[in-house]
Structures are given as structure tokens and as C-alpha cells.
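Structural overview
For reference, the chains in residue letters:
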Amino acid sequence: TSVLWTSNDGNIISGNNTLTPQINASGSYILTAENAAGCSANDIVSITITPLPELTLDSPFEVCPDEQTSIDIGNNYDAILWSNGNNATEQSFGEGDYSVTVTTNDCSVSVDFVVNEIDVPSITLGADINACEGNVITLSASTPVLWSTGVTDIEIEVTTSGTYSASAQLQG
């Protein structure tokens, strides 16, 4: 018995004389089989190749200690399953390794992603200061900070009594 696969609108890559041809396009595929006596039969099958859903995440994500980042993948999918078991379009994650699987037209794709906890800047201004009137005191931090005076810099000079504070924010 011999076999032959043909198609007018699909694409057979290889194996058109086997029972398992390799194809790469949607279309109608005809299998014709012929025995030693020359008798033949054929059948047709329609194959639709559905593209995988598209999903990309800009991993790794970064969070401050004990905080979470919110990831929204949109609602372009028939089904969503996060590694935490939830199925909403938006989820929040703290430090760790995760994945999300999306499905469209019965085709699924999974994407792994990482959430990293980043170091918090260290600010130490030292002990309270007592100074004589007219003295200029320089307050300094180890990184540029936003001082309670509204100045953003590594250090400020103060000439008046008061409470001064500094805050730093991580970029990202």
C-alpha cells in the first residue's frame, strides 16, 4: 500500500509519502492510499493552526522590602492562571519566583517571572547636636536625600535650631 498527502491551500514540509506528514499551515489535506491491485481511496481533513497567545513580562520586577508589585497582563485571553492559583488580570506579588499561564482558543503559553527585593538606602544622621548661636552645622547623608528643608543633596548647612529630617527613595 502506498500513501500520498496533498494540499491545495496548506503546506506539507516533509513526509507526504508517509502516514505522518509534517505541516506548518492551516488548510485541507487529502490522503490518498493505493493498494497493490491499484485500488485507491482518499479522505480529507481540515486542519486549523491557531497561533499561541502573546505574553511578555519585563522580569525581573523590583520591590522594596515587605512590599509588593502589581502586574496587569490585560484581558486579551480566554483564561488566566497565576502560579498563586488566582485568575484575575491583575495580581500583586512580593519577592519570589512566579509564573502565569494564558489561554486563547484552547492554546496556552506560560511565562515565568521574578520579583526581587532591593536594598533600602541607609540614612544615618547621627546624634542630636547642640551648638552655639551663630555656628553653621553641616548635616550629611551617605546618598542624595530630600531634606525637610526641601533641598535634595548629600548635605545641607543649617544655622537655626529645629528638627531636620532626610528621606531617600529608591528609583525603579
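Throughout what follows, the structure given in this document is the object of discussion. (Residues numbered from 1 in each chain as written. Predicted model: local features only at pLDDT ≥ 70, side-chain atom pairs only at ≥ 80, totals over all residues. Heavy atoms only, no water.)

**Structural notes on the overall build of the protein**
- When its secondary structure is counted, the protein shows zero helices and 14 strands.
- Traced from its N-terminal end to its C-terminal end, the protein shows the element sequence β-β-β-β-β-β-β-β-β-β-β-β-β-β.
- Counted over contacts in the protein with a minimum sequence separation of 6, partners at least 24 positions apart contribute 32%.
- Counting every atom, the protein has about 11,800 Å² of accessible surface; 45% of that belongs to carbon and sulfur. (Helix = DSSP H or I, 4+ residues; strand = E, 2+ residues; numbered from the N terminus. Contact = heavy atoms within 4.5 Å. Areas by Shrake-Rupley, 256 points an atom, 1.4 Å probe, with all protein chains shown as cover.)

**Some remarks on the nonpolar core**
- Leu55, Leu57, Ile71, Ile73, Trp82, Val100 and Phe113 are the most contacted members of the largest nonpolar core, which has 16 residues in total.
- For this core, the elements supplying multiple residues, two or more each, are strand 6 (61-63), strand 8 (79-82), strand 10 (96-104) and strand 11 (107-117).
- For Leu57, the residues in contact, after removing those within four places along its chain, are Ile71, Ile73, Val100, Val111 and Phe113. (Core = buried A, V, L, I, M, F, W, Y, C linked by side-chain atoms within 4.5 Å. Buried < 20%, exposed > 50% of the residue type's maximum accessible area, 1.4 Å probe, protein only.)

**What about a negative patch on the surface?**
- A contiguous patch of negative charge, built from Asp66, Glu67, Glu95, Glu117 and Asp119, is present on the exposed surface.
- Along the chain, Glu67 falls in the loop between strand 6 and strand 7 (69-72).
- Owing to a relative accessible area of 45%, Glu67 belongs among the partly exposed residues under this scheme. (Patch = residues over 30% accessible without salt bridge, like charges linked within 9 Å, V, L, I, M, F, W, Y side chains within 5 Å. Salt bridge = Lys/Arg side-chain N within 4 Å of Asp/Glu carboxyl O. Lys, Arg positive; Asp, Glu negative; His and termini not counted. Charge placed at Lys NZ, Arg CZ, Asp CG, Glu CD.)

**Notes on the pairing of strand 12 (residues 137-147)**
- Relative to strand 13 (residues 152-158), strand 12 runs antiparallel, the two being bridged by six bridges. The residue bridging Leu146 from the neighbouring strand is Thr152, located in strand 13.
- Between the antiparallel neighbours strand 12 and strand 13 lie four residues, among them Gly150 with a positive phi of about 95 degrees. (Pairing = 2+ DSSP bridges.)

**So, the sheet that holds strand 4 (residues 27-34)**
- The three strands are arranged 1-4-5 in an open sheet whose pairing can be described as antiparallel. Each edge of the open sheet is held by one strand with a lone partner, namely strand 1 (2-6) and strand 5 (40-47). Averaged over all adjacent pairs, the angle separating strand axes in this sheet is 20 degrees, with direction ignored. (Axes fitted to C-alpha atoms, helices over the stretch in contact; angles between N-to-C directions.)

**As for the packing of aromatic side chains**
- Within this structure, the stated rule accounts for six aromatic pairs.
- Aromatic pair Trp82 and Phe93: ring centres 5.3 Å apart, planes at 45 degrees, arrangement tilted. In this pair, Trp82 is assigned in strand 8 and Phe93 in strand 9 (residues 90-93), connecting sequence segments 11 residues apart.
- Its relative accessible area of 2% is what places Trp82 among the buried residues.
- Given the relative accessible area of 2%, Phe93 is considered buried.
- Through successive ring pairs, a cluster of aromatic residues spans Phe61, Trp82, Phe93, Tyr98 and Phe113. (Phe/Tyr/Trp six-rings, centres within 6.5 Å; stacked < 30°, edge-to-face > 60°.)

**A look at the side chain of Thr104**
- Turning to its location among the elements, Thr104 is positioned in strand 10.
- Owing to a relative accessible area of 17%, Thr104 belongs among the buried residues under this scheme.
- Look past the residues within four positions of Thr104 in its chain and what remains in contact with it is Pro53, Asn76, Tyr77 and Asp78.

**Digging into the sheet that holds strand 10**
- Across the sheet, four strands lie side by side as 6-11-10-8; this open sheet has mixed pairing. This sheet does not close on itself; its edge strands, each paired only once, are strand 6 and strand 8. On average, each strand axis in the sheet is tilted by 25 degrees relative to the strand beside it, whichever way the strands run.
- For strand 10 and strand 11, the ladder comprises nine bridges, and the chain directions are antiparallel. When the sheet's bridge partners are listed, Val102 is paired in strand 11 with Val109.

**Notes on the environment of Glu34**
- Looking at the element boundaries, Glu34 is found in strand 4.
- On the basis of relative accessible area, Glu34 is assigned to the partly exposed category, the value being 37%.
- Along the primary structure Glu34 and Cys64 are separated by 30 residues, whereas in three dimensions their C-alpha atoms are 70 Å apart.

None of the figures reported here should be taken as evidence of function without further support.
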